[in-house]
Every structure is written in C-alpha cells, then in structure tokens.
Amino acid sequence: MTRPLDLDRLLAYKVPDARDDYDPRDAIIYALGVGAGLRPDIDESRFLFERYLEVLPTMALVLGTPGFWPMDPQSGLDWLNILHGEQRLRLYQPLDPAGMVHGETRITNVADKGPGKAALIRATKTLRTLGGTLIAEATETWVARGAGGFGGERDLPGEALPPVPQRSPDLAITLPTSVVQAATYRLSGDRNPLHIDSQAAQQAGYDRPILHGLSTMGVIARALIHACAGGEARALSEIALRFTAPVFPGDTLATHIWQEGERVRFRTSANERGVVVADNGDALLAG
C-alpha cells in the first residue's frame with residue numbers, strides 16, 4: 001500500500017553526482033541498447049563501427065547519471081510505484097566518441113495530485129566536460145503512483161508539452177525493437193529490475209518486463225534522425241516527449257511526424273498492440 005510522499009525527506013535527498021569516462025565501446029553498446037542496426041534496410045554502421053563512429057545524441061541521457069536513483073532508500077521513494085512520465089533533452093554540443101564528463105542531478109519541483117493520486121517529481125541533470133563546458137541538459141519527470149496527499153502544489157511549473165497537430169502526419173517511420181533490448185540497454189547503467197526480472201515487473205503491475213523509457217526515447221530519436229535529417233545524428237539538438245504506455249521488448253514502434261520547419265512534432269505507437277506509447281513529442285533538427 002502506497003503512502004503520501006515524505007516531501008521533506010525527498011527535498012533533503014541529494015542525487016549523487018556521477019563522472020563517466022566513456023569510449024567507443026560504450027557508445028556502441030548504447031546504440032545497440034536503443035535498437036541500432038535492427039532494420040536491415042537502414043545503414044546504421046556509423047553508430048556501431050568504431051572506425052568512423054558517430055555518437056547518438058540521446059546517449060547524453062545515460063552519461064553523468066547514477067542510474068535509477070529513486071531506488072536509493074535514502075530518497076524515501078517506493079521505486080516499484082515510480083513511472084517515467086516525461087523526458088526532455090537539450091544538447092549544446094555533439095558528444096565526442098570518447099571523453100570524460102561530469103553530471104549533476106538536482107530535484108527541482110514536486111507536485112501533489114491529491115490523496116490516493118500521484119505525486120510528480122521533476123529533476124534536472126546538467127552534463128559538462130571536466131573543464132566545465134556545458135554539453136547537455138536533461139529534465140525528467142517521475143510519476144509516483146499513490147504518493148499524493150502531502151499538501152504540495154497541484155501542478156509542476158512551466159509550459160506543458162503541447163499536443164500534436166490535428167492534421168495528418170507528414171512522415172512516418174517504423175523501427176523494430178529486440179526481445180533482448182532491455183537486457184542490452186541495462187549495460188548503459190539503468191539496472192532497475194523492472195526491465196529484466198519477471199517478479200519485479202509483476203510487483204509493479206506488468207505481466208512481463210518492460211523496455212526502459214529512455215531506450216524507447218532512443219529508438220524515437222533514431223526515427224527522427226533518419227526520417228528528417230538523412231541519418232545525421234548531429235542534426236538533433238532537442239527532443240522532448242511524454243510517455244503514455246509501456247513498450248515491451250520486441251514491439252515494433254511506428255513514429256508519425258509533423259514538420260514545422262526545423263522543429264518537428266511526433267507521436268509513437270506500438271504497432272502490434274495499437275497503443276500510443278509516446279505523445280506530445282517535440283524535437284529540433286537542423287540541416
């Protein structure tokens with residue numbers, strides 16, 4: 001049974017800083033963890049071959065992070081009832097194939113949807129070189145089921161992601177996921193058992209392990225890069241979305257895209273189940 005969020009305890013909690021020394025092997029493992037190379041008619045060797053490696057921009061989401069930090073007992077959170085609600089990423093420069101980076105994550109806002117309802121927790125990570133140059137900023141929103149009723153503000157500050165246009169999409173692209181994709185993605189740092197252990201998944205209300213939200217986001221980013229930027233990963237500098245349903249490893253993801261100049265809007269569905277898994281998508285691609 002869930003309990004209202006202990007707001008004082010959460011706000012006193014310091015998400016551990018993290019330093020990563022990564023190399024081409026890490027970048028390739030990340031690319032495999034977001035499904036690169038699974039569609040045979042799309043050449044993604046640039047993300048998988050160290051000789052001319054390009055790093056997918058969404059790898060910034062896994063660098064400089066301590067992993068799924070709500071699992072830390074010091075946070076006071078019931079991690080089995082935590083869902084990934086929304087994710088935003090802005091890149092200020094492309095990632096190099098190798099480097100050392102430092103990430104600082106801070107809890108910035110908390111909202112209370114009411115007794116018996118959810119609490120929303122927003123945290124922001126800044127990713128920098130060891131010299132202090134800003135590489136990326138990532139903002140995540142966690143949904144703590146049943147943790148409302150602690151007396152906080154009802155809504156998080158800032159503008160919500162707007163809905164996609166009502167007209168028909170301009171583009172669509174379908175990308176597969178692998179049945180072992182969650183197991184591969186875990187190698188990039190998120191060891192939440194929900195994505196690998198059937199018992200943990202069932203305790204969280206799923207009949208089998210689900211794919212990490214950020215792996216799904218990586219698949220969607222690849223879709224945008226191929227559909228809108230000719231496969232040039234550097235073109236993607238901003239991406240944001242709202243997670244609306246879980247993805248299961250092996251699902252085929254169809255991303256529908258509305259073009260508005262360099263900015264695009266998108267929505268993604270799991271084809272086999274006819275379920276929208278990501279909505280209110282917004283991204284910026286140049287070139």
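Here, every reference points to the structure presented above.
Worth saying up front: this structure is predicted, and the values here are computed from it rather than measured. (Residues numbered from 1 in each chain as written. Predicted model: local features only at pLDDT ≥ 70, side-chain atom pairs only at ≥ 80, totals over all residues. Heavy atoms only, no water.)

Along the backbone of the protein chain there are five helices and ten strands. In terms of principal-axis extent, the alpha carbons of the protein chain reach across some 50 × 45 × 40 Å. Relative to its full complement of 287 residues, the protein chain shows a buried share of 52%. A fraction of 73% describes how many contacts in the protein chain between residues 6 or more apart in sequence connect residues 24 or more apart. Surface summary for the protein chain: the accessible area is close to 12900 Å², and the carbon and sulfur share equals 49%. Where the 29 positive side-chain charges of the protein chain centre and where its 35 negative ones centre are 2 Å apart. (Helix = DSSP H or I, 4+ residues; strand = E, 2+ residues; numbered from the N terminus. Buried < 20%, exposed > 50% of the residue type's maximum accessible area, 1.4 Å probe, protein only. Contact = heavy atoms within 4.5 Å. Areas by Shrake-Rupley, 256 points an atom, 1.4 Å probe, with all protein chains shown as cover. Lys, Arg positive; Asp, Glu negative; His and termini not counted. Charge placed at Lys NZ, Arg CZ, Asp CG, Glu CD.)

With that out of the way, let us pick up the nonpolar core. Residues Met59, Leu95 and Ile239 are the most contacted members of the largest nonpolar core, which totals 56 residues. In contact with Ile239, other than residues within four places in its own chain, are Gln87, Arg88, Leu89, Met217, Ala221, Leu224, Phe266, Asp282 and Ala283. Core analysis: the second largest hydrophobic core is formed by 17 residues, Leu5, Leu10, Ala119 and Ala147 among them. (Core = buried A, V, L, I, M, F, W, Y, C linked by side-chain atoms within 4.5 Å.)

Inspection of the secondary structure puts Asp251 in the loop between β7 (236–243) and β8 (252–260). Residues contacting Asp251, with those up to four places away along its chain left out, are Pro176, Thr177, Ala270, Glu272 and Arg273.

Turning next to the side chain of Ser188. With respect to the element layout, Ser188 can be found in the loop between α3 (181–185) and α4 (198–203). Here Ser188 falls in the buried class, since its relative accessible area comes to 16%.

Most of β7 is tucked away, with six of its eight residues classed as buried. Bridge count between strand β2 (residues 82–91) and β7: five bridges; the pairing is antiparallel. In the sheet register, Arg88 faces β7, and the bridge partner there is Ala240. Two strands pair when backbone bridges link them, and β7 and strand β10 (residues 275–285) are joined in this way by six bridges, in the antiparallel orientation. (Pairing = 2+ DSSP bridges.)

Let's shift gears to the pairing of β8. Sheet topology places strand β6 (residues 171–176) next to β8; six bridges connect them, and they run antiparallel. Across the sheet, the residue bridging to Leu171 is Ile257, located in β8. Both β8 and strand β9 (residues 263–270) contribute to a ladder of eight bridges, which runs antiparallel. Counterpart to Trp258 in the pairing with β9 is Arg265.

Side chains that differ in charge, positive against negative, can pair when their charged atoms come close. Counted under the stated rule, the structure contains 17 salt bridges. Residues Asp17 and Lys14 are paired through a salt bridge, measuring 3.3 Å at the closest nitrogen-oxygen approach. Its relative accessible area of 33% is what places Asp17 among the partly exposed residues. The closest approach of N and O atoms between Glu44 and Arg222, which form a salt bridge, is 2.8 Å. Within this pair, whereas Glu44 is found in the loop between α2 (24–33) and β2, its partner Arg222 is found in helix α5 (residues 213–229), the two being separated by 178 residues in sequence. Take Glu44 and Arg222: they sit in the same class, and that class is buried. (Salt bridge = Lys/Arg side-chain N within 4 Å of Asp/Glu carboxyl O.)

With that settled, consider α5. Over its 17 residues, α5 runs 23 Å from end to end, which matches the ideal 24 Å to within 8%, given 1.5 Å per residue. With 16 of 17 residues buried, α5 lies mostly within the body of the structure. Where α5 ends, the next residue or the one after it, Gly230, has phi of about 60°, a positive value. (Expected span 1.5 Å × (residues − 1).)

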